[in-house]
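# Structure assessment
Listed below are the residues making up each chain.
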Amino acid sequence: MFQELKNKFLSVCKRRIDTLIDQARVDIFCVETDGLFFDYSKTNIDLETRGKLLELVVNTDVIARRDAMFFGKKINVSENRAVLHTALRKSTGRVFVDGKDVIPAVLKTRARMFDFSDAVQTGKVSGQGGKYTDVVNIGIGGSDLGPAMAYLALKPYTNGPKCHYVSNIDGAHIHDVLADLNPETTLVIVASKTFTTVETLTNAKTAFKWMADSVSEPGAQFVALSSSKEKTAEFGIPNSQVFGFEDWVGGRYSLWGPIGLSLVIAIGKEHFSNFLNGAQSMDEHFQKSEKGQNLPVIMALVGIWHAQICGYSTRAVLPYEQRLSRLPAYLQQLEMESNGKGVGIEGKDLLTKSGPIVWGEPGTNGQHAFYQLIHQGTHVVPCEFMIAKQSHEADLKHHHQLLQANCLAQSQALMSGRNIETARSMTAKLGFMGKELEQQARQRVFEGNRPSTTLVYSKLTPFCLGQIIALYEHRVFVEGVILGINSFDQWGVELGKELATELAPVLDGSNSATNYDLSTQNLVSKLSSE
Ligand code: F6P
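Conventions we followed
Residues numbered from 1 in each chain as written. Predicted model: local features only at pLDDT ≥ 70, side-chain atom pairs only at ≥ 80, totals over all residues. Heavy atoms only, no water. Near = heavy atom within 4 Å. Polar contact = N/O pair within 3.5 Å; in protein donor to acceptor, adjacent residues only side chain to side chain. Areas by Shrake-Rupley, 256 points an atom, 1.4 Å probe, with all protein chains shown as cover. Pairing = 2+ DSSP bridges. Helix = DSSP H or I, 4+ residues; strand = E, 2+ residues; numbered from the N terminus. Axes fitted to C-alpha atoms, helices over the stretch in contact; angles between N-to-C directions. Contact = heavy atoms within 4.5 Å. Phe/Tyr/Trp six-rings, centres within 6.5 Å; stacked < 30°, edge-to-face > 60°. Buried < 20%, exposed > 50% of the residue type's maximum accessible area, 1.4 Å probe, protein only. Lys NZ or Arg CZ within 6 Å of the ring centre and 35° of its normal. Right-handed = clockwise from strand over helix to strand, strands pointing away. Parallel < 35°, antiparallel > 145°, perpendicular 65-115°, else oblique. Left-handed = near helix turned anticlockwise from the far one by under 90°. Nonpolar A, V, L, I, M, F, W, Y, C, P; charged D, E, K, R; others polar. Domains from an automatic or database assignment. Buried area = accessible area lost by both parts, 1.4 Å probe.

## Description of the site of the ligand
The environment of the ligand is formed by 14 residues, the closest being Ser143, Ser192, Thr194, Thr197 and Glu337. Measuring from an oxygen atom of the ligand, one finds a side-chain N or O atom of Ser143 at 2.6 Å. Taking 400 Å² as the accessible area of the ligand by itself, protein coverage stands at 87%.

## Some words on the sheet that holds strand 2 (residues 36-39)
Pairing is mixed in the open sheet, where six strands are placed in the order 1-2-13-12-10-11. Strand pairing shows two members of the sheet lacking a second neighbour, strand 1 (30-33) and strand 11 (357-360), which therefore form its edges. Direction aside, neighbouring strands of the sheet carry axes that sit 15 degrees apart on average. As paired strands, strand 1 and strand 2 are joined by four bridges and run antiparallel to one another. Each residue of the ladder has a partner; that of Glu32, found in strand 2, is Phe37. Relative to the sheet, helix 14 (residues 397-416) contacts strand 10 (314-320), strand 12 (383-388) and strand 13 (452-457), its axis offset from that of strand 12 by approximately 155 degrees.

## What to know about the packing of aromatic side chains
With the rule as written, the count across this model stands at 18 aromatic pairs. Summarising the aromatic geometry, the rings of Phe116 and Phe243 are spaced 5.6 Å apart at their centres and angled 55 degrees between planes, so their arrangement reads as tilted. One end of the pair, Phe116, is in helix 5 (residues 103-122); the other, Phe243, is in strand 9 (residues 242-244), with 127 residues separating them in the sequence. In terms of burial, Phe116 and Phe243 fall into one category: buried. Among the aromatic residues, those joined into a cluster by ring pairs are Phe70, Tyr253, Phe286, Phe477 and Phe488. Here Arg25 stacks its cationic end above the ring of Phe29, 4.1 Å away from the centre of that ring. Above the plane of the ring of Phe286 lies Arg66, whose end atom (NZ or CZ) is 5.9 Å from the centre.

## A few points about the pairing of strand 8 (residues 222-226)
Among the five residues that make up strand 8, five are buried, leaving the element largely enclosed by the rest of the structure. When strand 7 (residues 186-191) meets strand 8, the two strands line up parallel, connected through four bridges. Pairing of Val190 across the sheet is with Ala224, part of strand 8. Handedness of the strand 7-helix 8 (residues 198-212)-strand 8 crossover: right-handed. Summarising the sheet, strand 8 and strand 9 pair through three bridges and their orientation is parallel. Bridging from a neighbouring strand, Ala224 pairs with Val242 of strand 9.

## Describing the packing of helix 12 (residues 327-339) against helix 17 (residues 462-483)
Where helix 12 meets helix 17, the axes come as close as 10 Å, and the angle between the chain directions of the two elements is 25 degrees. Put simply, helix 12 runs roughly parallel to helix 17. Helix 12 and helix 17 meet at a crossing whose hand is right-handed. Across the interface between the two elements, Leu327, Tyr330, Leu331, Leu334, Glu335, Ser338 and Asn339 from helix 12 touch Ile469, Tyr472, Glu473, Arg475, Val476, Glu479 and Gly480 from helix 17. Each residue belonging to the contact of helix 12 with helix 17 can be placed in one class, and the counts come to seven nonpolar, three polar and four charged.

## A short note on the side chain of Gln410
Here Gln410 is to be found in helix 14. With relative accessibility at 12%, the residue Gln410 sits in the buried group. The residues contacting Gln410, other than those within four sequence positions of it, are Tyr320, Gln367, Tyr371, His375 and Phe385.

## Topic: the pairing of strand 12
Looking along a regular strand, one sees the side chains alternate between the two faces of the sheet. Burial of strand 12 is extensive: six of the six residues sit out of reach of the surface. What you see with strand 12 is no split at all: Cys383, Phe385 and Ile387 on one side and Glu384, Met386 and Ala388 on the other are buried throughout. Pairing of strand 12 with strand 13, which is carried by six bridges, proceeds in the parallel orientation. When the bridges of strand 13 are listed, Ala388 appears paired with Tyr457.

## Section: the domain arrangement of the chain
Along its sequence, the chain is carved into domain 1 (2-75 + 278-415 + 452-488), domain 2 (85-271), domain 3 (417-449) and domain 4 (495-528). In this structure, domain 1 and domain 3 have C-alpha centres spaced 34 Å apart. Of the residues lining the interface, eleven residues belong to domain 1; the matching set on domain 3 comes to eight residues. Note on domain 1 versus domain 3: buried area summed over both sides is about 640 Å², and carbon and sulfur give 33% of it. On inspection of domain 1 and its partner domain 3, the count reaches eight residue pairs in polar contact (both at pLDDT 80 or more). Elements with a minimum of two residues in the side of domain 1 that touches domain 3: helix 13 (371-376) and helix 14. At four residues, the largest contribution of residues to the side of domain 1 that touches domain 3 is made by helix 14.

In structure tokens, the structure reads:
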């Protein structure tokens, strides 16, 4: 089927997308569910291609694999684990892992998180200098990107202490965050699924020392979020201050449970429950909608068409929503750590390219930075635009209209471009003539025919954010199944960690550098010289 699709692409790649647009296409090439509207009419996918892509879903057993995930089967085979982030957002029902229903423990932990966040918000649980004013979440990767992204996204819903996120082992990060805080009214959350991550433990120890310099019981102002109670105890955080979760929650899928604690403290339990409900509504849509109207399935197929069939190696995520400024970074981990793999689930090389490079920035900022390349560079970058019908700033309606106009203008420009005739007449009006006119006109030509999709949502509420994040999770899942990848392990991050552990004593001079290649030895000597 991949070969058939590739042949199809070769036969249509010169065709202009704008010639495909008619009313029937506009009606068919979209999916709508519960306030989300996804348009993929501005792609080179036609009805025949769409049919073949949908066949991929059948041929690769996406539906059976989806059900296996939701029912707690151990689909993460390389780690022999179930994959149940979807269970973290449930409020009813039963899901079994190794014969045990996991939902009661999920609900119990959620209730503890809610009680704790209520107590922090009201001051019932407080710091040694009074009510908590600030929360510092120390974590990295999935233990940072999710809550940090959602905290920014849901700013209009915050009613608790200010949250800060420290991830980098670069001492500048923790230094600059702590510099502005009062240790007597700061709560530190150490978020690490494994509780072995060197960045997080190093930052946590630094924060502990900072706290110990000012308060008599620094440990009382620390809580931990982890699936390893032994390791949190070793670190000195008592069980009563630990919010635990199971190994069937992957780091980059963990925002829905204890890793979301800082978010619950910031927005309160009602808004957090709405966030979970939004994700659940997407779970239900993914489970119940037929494949041609299934948003995660369709988004995945558009992704496969662009990355594996057309061979476009990157995709840009372009939210026209400043509060989603960390969404591209969050999606980089979600998508690239999940599907950035050249070896399939059965240990054989993939026959196609792995998942694409994901990047982006909010619009309109990106327009004044990298859109030049998107419009006129030699790379084709499929763009995923996102835009809300409504903003939260009712008094700044004109801003939102301009934002919407910019978003639509970009996808239109990418598709239609500007031909040489139009460019010539524009240039002539500027007073250019002859050879110079031609040179100037050529610079103003936009080839167009560049694909994009647009996701329209009603307003960035907690419910809507939950839907969007769950949509991307399931899209990654479907792409992974079609490519034959285990989207839930991450062996590719291990080697660098091992080598860094070996290199640390080389850099402080306690081990010799002679075992390293000459290039690395040279860099060690540059970094170690006075
Ligand atoms: O290095 C990759 C990774 O394992 C991610 O998958 C994970 O989100 C991150 O590190 C942090 O891991 P932990 O939560 O165990 O500290």
